[in-house]
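Okay, here's what each chain looks like letter by letter:
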Amino acid sequence: MTDSNCLDTLLYAALMAQNPQQKCALAQAAFDGWQAGGLRRRQAAAAQDFRWAGRPQKPDLVAPDQVQKRKMSTPEGYAAMLHAICHIEFNAINLALDAAYRFRTLPPAFTADWLRVAKEEAYHFSLMRGRLNAHGFDYGDFEAHNHLWDMAYKTAFDPLLRMALVPRTLEARGLDATPLIQTKLRAVGTPDALAACDILGIILRDEIGHVAIGNRWYRWLCARQGLEPVAYYRVLARQYGAPRLKGPFNTDARRQAGFVDTELSALNEPGAP
């Protein structure tokens, strides 16, 4: 097998790409090539370990509680909100690429799912970066945190753990947060804010599917190991310090994404992960 038709080589290049446009283009190429059947895997070769995926020099990364809070009523505060979403989507590209690259011994359908997610996250990033550019700013103009990628590295050794703590936990928070941001944007009411609100509608629609993919593969991996998924998730959440979730919760979106009624009911229990 040559590097030109090796999916793993392409995925590694996408992961290491520092330029956002290049990363987006490589994510699309990986999806297209896999769909067309022109790419193969090196299942016998272990994935390379790496602490950091490629990213531009900016934004500066700080601890989550040190990200400067700005009022959305100011031009800078509004841009900072757009930037925060851009950063989430940029990290989400790397998360999806990493799942497809790292867990290469899982069924081809797993690879196909996460390549699709990577392609869609790249689209989301490009859309939101366009709104940021229209407002006179660009990705990298504000500080950001690296919590999403930190959890990806923390779960790099186990696909079950990755599915539990990234799509089912951190990315599912987007299902709850997005309608709240849309409400604020509608209150702003400017054409720019309404355009951003429409983009968030696209993101929410697709993210329901992404969390559903995480739920499906989490349950598949649990079944393969003889584990009860709801009970085992609670064990993992405690063991690995998953953040405690705070409402309000978008239960309709979570249900569409594959969370069962017992999980949805438990969200409001004291001390629930």
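Preceding this paragraph is the structure being described.
Residues numbered from 1 in each chain as written. Predicted model: local features only at pLDDT ≥ 70, side-chain atom pairs only at ≥ 80, totals over all residues. Heavy atoms only, no water.

Draft legend 1. Structural view of the overall build of the protein chain. Scanning the protein chain for helices and strands turns up 10 helices and zero strands. In sequence order, the secondary structure elements of the protein chain are arranged as α-α-α-α-α-α-α-α-α-α. For a compact globule of 273 residues, the expected C-alpha radius of gyration is about 19 Å, and the protein chain comes in at 18 Å, within 12% of that figure. Dimensions of the protein chain, computed from the C-alpha atoms along their principal axes, are close to 55 × 45 × 30 Å. Sorting the 273 residues of the protein chain into buried and exposed places 50% on the buried side. Taking the contacts inside the protein chain whose residues are at least 6 apart along the sequence as the reference set, 81% of them involve residues at least 24 apart. (Helix = DSSP H or I, 4+ residues; strand = E, 2+ residues; numbered from the N terminus. Rg over C-alpha atoms; globule rule 2.2 N^0.38 Å. Buried < 20%, exposed > 50% of the residue type's maximum accessible area, 1.4 Å probe, protein only. Contact = heavy atoms within 4.5 Å.)

Draft legend 2. Structural view of the packing of helix H6 (residues 159–188) against helix H7 (residues 191–224). H7 packs onto H6 with a crossing angle of 160° between their chain directions and a minimal axis gap of 8 Å. One finds that H6 runs roughly antiparallel with respect to H7. Judged by the twist between their axes, the crossing of H6 over H7 is left-handed. (Axes fitted to C-alpha atoms, helices over the stretch in contact; angles between N-to-C directions. Parallel < 35°, antiparallel > 145°, perpendicular 65-115°, else oblique. Left-handed = near helix turned anticlockwise from the far one by under 90°.)

Draft legend 3. Main features of the pattern of salt bridges. In total, this model carries 17 salt bridges according to the counting rule given. Of the charged contacts in the structure, one is a salt bridge between Asp8 and Arg104, with a shortest N-O distance of 3.6 Å. Placement of the pair is Asp8 in helix H1 (residues 7–16) and Arg104 in the loop between helix H3 (75–102) and helix H4 (108–134), with a sequence separation of 96 residues. Here Asp98 and Arg162 are joined by a salt bridge, their closest N and O atoms 2.7 Å apart. (Salt bridge = Lys/Arg side-chain N within 4 Å of Asp/Glu carboxyl O.)

Draft legend 4. Structural view of the environment of Pro107. Relative to the helices and strands, Pro107 is located in the loop between H3 and H4. In the structure, Pro107 is positioned 86 residues away from Ala193 in sequence and 42 Å away in space, judged by C-alpha atoms. Sequence-distant contacts of Pro107, that is, excluding residues within four places in its chain, are made with Trp217 and Trp220.

Draft legend 5. Molecular detail of unusual backbone geometry. Here the residue pair Lys58 and Pro59 is connected by a cis peptide bond, since its omega of 15° sits within 30 degrees of zero. Residue Gly247 is joined to Pro248 through a cis peptide bond whose omega torsion reads 5°. By the secondary structure assignment, Pro248 is in the loop between helix H8 (229–239) and helix H9 (251–256).

Draft legend 6. The packing of aromatic side chains, seen in detail. Following the criterion strictly, the structure yields 12 aromatic pairs and no others. On the basis of an interplanar angle of 75° and a centroid distance of 6.4 Å, the ring pair of Phe103 and Phe110 is categorised as edge-to-face. Like Phe110, Phe103 is buried. An aromatic cluster is present here, built from Phe103, Phe110, Trp114, Trp217 and Trp220 joined pairwise through their rings. Positioned above the aromatic ring of Phe50, the side-chain terminus of Arg102 is 5.0 Å from the ring centre. Sitting over the face of the ring of Tyr101, Arg104 holds its NZ or CZ atom 4.7 Å from the ring centroid. (Phe/Tyr/Trp six-rings, centres within 6.5 Å; stacked < 30°, edge-to-face > 60°. Lys NZ or Arg CZ within 6 Å of the ring centre and 35° of its normal.)

Draft legend 7. Examining the environment of Ala99 more closely. Tracing the backbone shows Ala99 in helix H3. In sequence terms Ala99 and Thr111 are 12 residues apart; their C-alpha atoms lie 7.8 Å from each other. Leave out the neighbours within four places in its chain, and Ala99 touches Phe110, Trp114 and Arg162.

Draft legend 8. Highlighting the side chain of His210. With respect to the helices and strands, the residue His210 is situated in helix H7. Contact partners of His210, with chain neighbours within four places excluded, come to Trp114, Val117, Glu120, Glu121, His124 and Pro167.

Draft legend 9. Geometry of the layout of surface pockets. Here the largest pocket defines a volume of roughly 1700 Å³. Taken together, 45 residues make up the lining of the largest pocket; nearest its centre are Ala84, Ile88, His145, Ala177 and Ile181. Broken down by secondary-structure element, the contributors of at least two residues to the lining of the largest pocket are H3, helix H5 (147–154), H6 and H7. Split into classes, the residues belonging to the lining of the largest pocket amount to 22 nonpolar, 11 polar and 12 charged. (1 Å grid on protein atoms, 1.4 Å probe; cavity = no way out; pocket = protein on both sides within 12 Å on 5 of 7 lines; lining within 4 Å. Points joined across faces, edges and corners; volume = space filled by probe spheres on them. Nonpolar A, V, L, I, M, F, W, Y, C, P; charged D, E, K, R; others polar.)

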